[in-house]
Amino acid sequence: MRIEPREKQSLLAESALWDGLDVAAVRAEFPILSRWVRGHPLAYLDNAATTQKPASVIHAMERYYALSNANVHRGVHQLADEATRAFEDAREAVRRFLHASKPGEIVFVRGATEAINLVAHGLARQRWLREGDEILLSAMEHHANTVPWQRLRDDTGAALRVIPLLEDGSLDVDAYERMVNRKTRLVAVTHVSNVLGTINPIRRLVPPARAVGAQLLVDGAQAVQHLEVDVQELGCDYYVFSGHKMYGPMGVGALFGRAERLAELPPFQLGGDMIRSVTFERTTFADPPNRFEAGTPNVAGAVGLSAAIEFLLGVGLAPIRVHERSLTEHAWAQLTSIRGLRALGHAPERAGVISFVLDGVHAHDLATILDEAGVAVRAGHHCCQPLMASLGVPATVRASFAVYNTVEEIDRLAEAVESARRVFQ
Ligand SMILES: Cc1ncc(COP(=O)(O)O)c(C=O)c1O
């Protein structure tokens, strides 16, 4: 169905009334959202994979390259000074965003994956774990928060134990409390599941871990774009996220590490910009965060990330949460009324992600049909093969929502799924 611009405007106005957010104004900031794909206006519902970027982010990066590009930390000239200031201002923006206590607790990385690898590598070198120690992960972890810990297990002789989920897709916190013991050295849990949308009660996980001296890493890749995160209030040791899932650029993200943790952690990569002094005999390392930022960093990425934070805070995380919650409730009602459709995970606290399977239709076929209708969703195991195995499905279709999505887009998703059902069943 082709939606005429005037009709589209009124649908947007309707969805703006839905929860008080001016969705039309937000959408106008995203150039890509005016695209048509396959003869339809784009309905982009693949936000858990990556979000689209507002003009402010695109322009901040363009401005940086057009006017201030230079290498950081090493020059005395004007541009080097501007670039260094832009990079360090971005660090301060991330610090404020996560409510960390010092800029030195923020390390720029390529994204959540690199941040987790950085910590896993450091803990291995630090010999934080020994044979017989235990690493606890939840059953809903992304491969990025699974595979690095498997290697740490293999390198140290530690054991990896999995915190189970309840039937509704929430974390079994009682089981977690029973599992933590004096051999537990590390707990790594996602804040929000990229498959089920479950928001995990991180604050409840901290006291048991603290009591036995274990460290706690939180994977915030699916959280920072939906919830206000205060790392001091959460009480975790490490918190990681990727810029590209929160309206920022690809190739940049951040690791928060409590100052006392980073002070003990050996560096990940070695080279320029992370040292205090080098002779052929010996190298001494710089203090955090520079110790973890070897080589030329992604300065334009950090500038873009800072602009994305400004965008998120400008719209407001509270209105975003309300908007996304109403979209998710609407989507849940529409989708679950389709015959043969099963949505997975209905934890009470959820972010804007719905994974589902449709009887008799493979997830990839369904996603292809939705694409024909201009609706972009993701199908597959979503880098969560252990979770898929425990759910007993090889793949799901996943619709994930962002601040710019509308009720009309969700209705188009549901209509396209319903048409596929009629054809296949
Ligand atoms: C929960 C979760 N953790 C980690 C990642 C990895 O993020 P990146 O690929 O940006 O490093 C993702 C990406 O989908 C994710 O959803």
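Anything mentioned here points back to the structure above.
My aim in this report is to walk through the structure given alongside it, one point at a time. (Residues numbered from 1 in each chain as written. Predicted model: local features only at pLDDT ≥ 70, side-chain atom pairs only at ≥ 80, totals over all residues. Heavy atoms only, no water.)

Mapping His244 onto the fold places it in the loop between strand E9 (238-242) and strand E10 (253-257). Judged by its relative accessible area of 16%, His244 falls in the buried class. Here His244 is in contact with Ala49, Thr50, Thr51, Lys53, Pro249, Met250 and Val252, once residues within four sequence places are set aside. (Helix = DSSP H or I, 4+ residues; strand = E, 2+ residues; numbered from the N terminus. Buried < 20%, exposed > 50% of the residue type's maximum accessible area, 1.4 Å probe, protein only. Contact = heavy atoms within 4.5 Å.)

Attention shifts here to the site of the ligand. If you check the shell around the ligand, you find Ala112, Thr113, His142, Ala144, Thr190, Asn194, Asp219, Ala221, Gln222, Ser242, His244 and Lys245 and nothing else. Contacts to the ligand include Asp219, whose side-chain N or O atom sits 2.5 Å from a nitrogen atom. Relative to its free-state accessible area of 400 Å², the ligand is covered by the protein chains to the extent of 84%. A breakdown of the residues in the shell around the ligand according to their chemical character gives three nonpolar, seven polar and two charged. (Near = heavy atom within 4 Å. Polar contact = N/O pair within 3.5 Å; in protein donor to acceptor, adjacent residues only side chain to side chain. Areas by Shrake-Rupley, 256 points an atom, 1.4 Å probe, with all protein chains shown as cover. Nonpolar A, V, L, I, M, F, W, Y, C, P; charged D, E, K, R; others polar.)

Another aspect to go through is the sheet that holds strand E13 (residues 341-344). The antiparallel open sheet is built from four strands, whose spatial order is E13-E14-E17-E16. Two strands in the sheet have a free side with no partner beyond their single neighbour: E13 and strand E16 (378-380). For this sheet, the mean angle separating the axes of adjacent strands, direction not counted, is 30°. Two elements, strand E14 (residues 353-358) and strand E17 (residues 396-400), share four bridges in a ladder whose sense is antiparallel. Residue pairing in the sheet places Ile354 in a bridge with Ala399 of E17. Along the sheet, helix H12 (residues 317-336) makes contact with E13 and E14, crossing E14 at roughly 5°. (Pairing = 2+ DSSP bridges. Axes fitted to C-alpha atoms, helices over the stretch in contact; angles between N-to-C directions.)

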